[in-house]
Each structure stands twice: as C-alpha cells, then as structure tokens.
Amino acid sequence: MISEILSPELGHYLLALSCCLAGIQFIVPLVGCKAKQASLMMLASPLAYAQGIALSLSFACLITASVTNDFSVLSVYQNSASNKPLLYKISGIWGNHEGSIFLWCYLLALFNSLLALSAQPIPLKLKSRALAIMGGCSAGFTLFCLLTSNPFLRLWPAPLQGQGMNPLLQDPGLALHPPLLYMGYVGFAIPFAFTVAGLLDNTIDLAWAQFVKPWVTIAWACLTCGIALGSWWSYYILGWGGYWFWDPVENASLLPWLTGTALIHALYAYTRTESLKLWTLLLSISTFSLSLSGTFLVRSGLLNSVHAFTSDPTRGVFILALLACISGSALLLYAWRAPTLAQETGVNPLSKEGSLIFNNILLCTIASIVLTGTLYPPFLQLLTNQSISVGKPFFEQTTVPFVLISLFFMAVGPRLPFKKTNSQHLLNILSIPAMLCLLIFLTSWFCLHQFLPALTLGLCMWVIIHTILNYAKKISFLQKSFQESWRQFFRLPYSVHASLIAHTGMVVTVLGITGMAFATHTIVEIPLGDTVPLAGYEWTLSSVQTVKGPNFVALKAAIKIAHKGKVVTWLFPSRKYFPEQNQIVTHVSIETNFIRDLYAALGSSKETLDKQHPLYILRLHYNPLAPWIWIGGLIMAFGGIITLWPSTKTKFKNDCL
C-alpha cells in the first residue's frame, strides 16, 4: 500500500536528508567560488534539485498520513479526524504550527529548484553563490523544523480518532491563503540571495537587476493574492463585517508587501537610470527580513491574534536567532560593501525617477508606522509590564494621509520623462486633470457631506484620468486612425500594461475601502417573522432550522430581503457547532451585485418567557463597494504577472510605471 511506502518514518528521514543536502549546498558552492573551482560551483544546481525532490517526497508522506487517518502521527492527531472532508485533511497540514513551518521549508526548496532550473543567462559564479545562500536559508529552517517543530512525531499507543481541525480553518479560502502567502514570503528569498551573492562578489550591475526583477514580481504577486484572500476570508468567515482589522498578524504580512512594492519601483528606476542602487539593495534585504520577522511574530507568542499559531518561547527564540543570523549577516555585508559600490547619481525631483523616490519614501513611511504600531504594545509590556492597545483609529489616522499623497504621485510619475522636465511641461500635463479632479472632489463633497471620502474619490479619479491620458499618448490616440491606434495598443510592451493595470487595481481597492466608509449595520434581537429596516431594505427573519453536517450541527436561518415590497434575495447565515472541538463557528451569508454587499450573520438564540418564540440575534450589514477591495487586489496581482510573459515587442524609450 502507498501508506506503507510513504510512511512517516520515511518522511522524517527525507526531512533530515534535505537538511543535510541544504547544508552541503550552502558550503560547497561558496568553497568553489573561493577556490575558483567550476566543478564545485556547478554542484549547486544538482544539490538544489536533490533537496527539492527529498522535501517533495517528505511532504507527500505527511499528506498520506493525513489522508489515511494515521493518528499515530501527533500533528495529524491534533489537526485531523476521520470524518473531516478530504480538502481539509490536506489543507489541515499547514493549518498548524508544525505543518506551516514544514510548508515554508517545502516552498523554499521549491523556489530553490526553480532558480536552479531557470533559463536566465546568469553567470556561474553569481548563480552558485545565490543558490548557496538559498541553501543556507533552507538548512536553517529545516533544522528548526526537525528540532522544535517536527511534523512526524509519533504517538504510542495510537489514538483511534483525531481531535479535528480548528473549524475556523475549514474553509476553501483559507486552504489557499497560507500557500499563497508563503509563496510571497519565500519568493523574496531569491532577490535576497542574489543581493548577498552580488555583495560577496562586489558586482552589482544592470545585469544583476535583470536577474532579480522577475523573482521580485512573482513574490509580490503571490503575496498580493495571499493578503487579498486572507482579507476576504476574514470578511465572510469571522462575521465582523469588515475587511481589515489591523490585526498584528495581518500587519506582519502587510509590511513585506509595502517594502516589496517599493523594491519593484526602485528596481525599475535602477534599470532605467542606474540610480538608487544602494537603496535597492537595502530594500531587497529588508523585504526578506520582514518576511522572516512575520514568521517570528506569528510563532513566538509575542503577538495575540486569532491567526497566531503558538506561544512556545523556545520556538520564538530559535526563529529570532535564525533571523539575526540571516538578516544580521546580510546587513553587515551591506555596510561593508556599500562604500565600495559606485556612487549614486543626482536625481531631479521633477522627473520620473524623482517621483519613484517619493513613492519609495511614502511606502517605507507607511511600513515604519505599521511596524511601530504593531511592535510597540508588546515591547512596552515586556519592558514596563504595562498593557496598551494600538488599534484601528491609530493606524487609519497615521497611514491614510500618506496613502492619499501616494495616489497623487502614482498618477503623475508615469507621465514624467526620465532625467528632467521643465515646469511648463509639468503644468501642461497636470492642469486639465487637476481642474477635472477638483470639480469631482467638490461635487463629491457636496453630495456625500464627508471631506475625506470626497478627497479620496477625487484622487482616485486623478489616477484614472492620468492612466487614460498615458495610454492615449502611447497609442497616439486622435493623432492616428483608430485602427492604427488599436494596433499600437497591442504592440505596447507588457511592462506598460502591467504598471497601468497594477495602478488601476490599487485605485479599485482604494475605492472599495472608501465605499466601506458609508457602510451601515445593525445588531438586533428579533423573533421569527419580524422585519428590520436597513439601508432602504426590509430584512425579514423567515425561519431557523437545525441542519446536520459530516462533523458539525448547524443552526441555519433564512432571511428574506425586500426593497419596496419586491423580494431582492434570500440570505442563509448559520452557526455551526463542532462537537469534537466543542467550538461554535459563525458562517455569514452574502449577496452581492459587485456594487454593494447585503451581509448577514446569525448570533445565538435568546430564550424568552414564551419558550416557543425565542429571540434570535442578527448582525446585518449593507456594505457599498466591498467587493472592489478584493477585485482590486486581483487586478494588482494580474498586473504583476503579465510582466513575466515573454515579449518580442518593440521597446518604448519612455516606458512607464
């Protein structure tokens, strides 16, 4: 049987083997580079393949144990049960601390193998050093997995039944969220490895930047999808009715996304003008360091969160030591090599690279605010034993102004030329859009009676207008025939489409967040048959019934929603009770037309003196533009992905971002 072949013992052995292979991969290529032995340097790729194969088989062993209900494996016993659906038996592997660390190791080995397989014309010395750095990172994490987070630990005697998975995690969205998020985290290891390799060889040039760019884009796109999917899961599973709660673990994923976005823009400026070299290197190191920091924060017990996996300080100390070793050594190397690299050239503020610098400053400022607000409470408690809470009001009041300023530069930057521009040209490209957006802002302020949403709407339209004008300029719209402009549109380089699509996605997300500022909700206690008015709709609780599932018992409500007497839709929120975990999970019901969401969550019932007519607690929401938040995230990720498509199109001198 396959379960006998892919046994936990084999998986444990292969995990240990991959750790040894990663250690060899770290040492041998570096020795080969030092000794100038090509034969040793060439071993980096085969070692990466071997490590990837070993971890793939090891991962298959853990999947087999979970699917076949082998409860003698401790991680399977704690996070699975025989009546759990197959999808959640598999996704339950990474729904706990041990499995999530194992997934991190597996994805790191996968990216390791992809780098070895890459068809990029990378010099042997640079590639072998980069693979060696990747091997060192893999060795550290697989050692951590073996020593403190072994997913193959056995129980004896073997229990007949498992404890089951956290019911909150039994959802298709969350089954995909951790792998996508980790692909983003781990993907930034390759730019980090190239940076350290380039610093070791003291050869950071335009070729280095071209090797790094696609890997940064892949990691950023995966992280964008992972964050969007996690936000969507929180919205429709946790029943709070919101999209982002500034949870410390949410912030931990946002930090590398912000610096990764800055890194994409810095790389673009460097490849076009050879400016921002040192800043690009520092961002590459910082982004992966923040990815590692997020892992430390989630698994050290330092942060309290619904997403946190563990409170074991031993594991936190190990990851902290690993973070200090990887990031600390890279920063020391950067400090040593930076003075020997080419001097930075001056940058004209009224130029494309000038706008990119402002963009980087704003993104890193937002990241600094989020990092401070996230870490200040636990460190204050550690030092003074005082407990404080830094929540949504702080983050929104401190970050929103910088987001709005970044929207301004997001629109202007792509329309500026490189090197320099004159004030008259700047006035020409800004005057008409500025007047249109000012009119939109004033009209919105008059209609909405709220200054900040009106300002945000005006700035979003500012970006959209400039995006349209940018496209019009590049395809010579109204200067050539429509057919020729249309053909020129498809001849544009993918990088042009990518930047404008990504910026549009950001605008869509911001518009969705702005729409949520006008969301309305109510919490009511009503009996069956009663109607509640909300946002012009009549919400009627028609029925509540008990439904049995494979591993739960649910209380399911039917809510009729009508508008001016006409039925619009039905919502079916529920509360599921999982007896194995003795836990109740709320499942909301949402009806959307992509302009607004009608959202309902069912609370517990409340007995009255008349036991035949209990009261039910309902949480009802009307959320304008809510779907745009996640649609915008997908558009942003798509904008990044299309840059990876091979292109033979004519390159435009004034390529935009």
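Use the structure listed above.
So, here's what we can say about the structure.

About the thresholds
- Residues numbered from 1 in each chain as written.
- Predicted model: local features only at pLDDT ≥ 70, side-chain atom pairs only at ≥ 80, totals over all residues.
- Heavy atoms only, no water.
- Helix = DSSP H or I, 4+ residues; strand = E, 2+ residues; numbered from the N terminus.
- Rg over C-alpha atoms; globule rule 2.2 N^0.38 Å.
- Buried < 20%, exposed > 50% of the residue type's maximum accessible area, 1.4 Å probe, protein only.
- Contact = heavy atoms within 4.5 Å.
- Areas by Shrake-Rupley, 256 points an atom, 1.4 Å probe, with all protein chains shown as cover.
- Lys, Arg positive; Asp, Glu negative; His and termini not counted.
- Charge placed at Lys NZ, Arg CZ, Asp CG, Glu CD.
- Pairing = 2+ DSSP bridges.
- Polar contact = N/O pair within 3.5 Å; in protein donor to acceptor, adjacent residues only side chain to side chain.
- Expected span 1.5 Å × (residues − 1).
- Bend = angle between axes of the 7 residues up to and from the residue.

## Comments concerning the overall build of the chain
- When you go through the chain residue by residue, the secondary structure sums to 21 helices and ten strands.
- Computed over C-alpha atoms, the radius of gyration of the chain comes to 27 Å, within 12% of the 26 Å expected from 2.2 N^0.38 for 657 residues, which places it in the range of a compact globule.
- Reported as C-alpha extents along the three principal axes, the dimensions of the chain are approximately 85 × 70 × 60 Å.
- By the burial criterion, 55% of the 657 residues in the chain qualify as buried.
- At a minimum sequence separation of 6, the contacts of the chain that also span at least 24 residues come to 73%.
- By element, 68% of the accessible surface of the chain is carried by carbon and sulfur atoms, the whole surface being about 28700 Å².
- Positive and negative side-chain charges in the chain, numbering 38 and 24 respectively, have mean positions lying 12 Å apart.

## Some remarks on the pairing of strand β5 (residues 566-571)
- Looking at chain direction, strand β4 (residues 553-563) and β5 are connected through five bridges and run antiparallel. Bridge pairing in β5 places Ala562 opposite Val567.
- Following β4, the chain reverses through two residues before pairing antiparallel with β5; Lys564 in that reversal takes a positive phi of roughly 55°.

## What about unusual backbone geometry?
- Cis geometry marks the peptide bond from Trp156 to Pro157; its omega dihedral reads 0°.
- Looking at the element boundaries, Pro157 is found in the loop between α8 (124-148) and α9 (172-187).
- Although it is not a glycine, Ala535 adopts a positive phi angle of roughly 55°.
- Mapping Ala535 onto the fold places it in the loop between β2 (531-534) and β3 (537-548).
- Judged by relative accessible area, Ala535 falls into the partly exposed class, the value being 37%.

## Details of the environment of His497
- Structurally, His497 can be placed in helix α20 (residues 494-516).
- Look at His497 and you get buried, because its relative accessible area is 11%.
- Between the alpha carbons of His497 and Leu436 there is a distance of 24 Å; along the sequence they are 61 residues apart.
- Not counting chain neighbours up to four residues away, the residues in contact with His497 comprise Tyr471, Phe489, Leu492 and Ile642.
- Within polar-contact distance, the side chain of His497 engages the side chain of Tyr471 at 2.9 Å.

## Description of helix α10 (residues 189-201)
- Between its terminal C-alpha atoms α10 stretches 18 Å, which fits the 18 Å expected from 13 residues at 1.5 Å a residue.
- Of all 13 residues in α10, eleven are buried; the element is thus mostly enclosed.
- Listing the buried residues of α10 in full gives Ala189, Ile190, Pro191, Phe192, Ala193, Phe194, Thr195, Val196, Ala197, Gly198 and Leu199.
- The first or second residue beyond α10 is Asn202, which carries a positive phi of 55°.

## Side note on helix α16 (residues 392-412)
- Counted at 1.5 Å a residue, the expected span for α16 with its 21 residues is 30 Å, and the 30 Å between its end C-alpha atoms agrees.
- The largest bend in α16 comes to about 35°, at Thr399, with the proline Pro401 one to four residues further on.
- Looking only at α16, the buried set comprises Phe395, Thr399, Leu404, Ser406, Leu407, Met410, Ala411 and Val412.
- In this structure, the buried side of α16 is in contact with α12 (248-273), α15 (352-384), α17 (423-448), α18 (451-474) and α20.

Remember, this is a structural readout, not a statement about activity or role.
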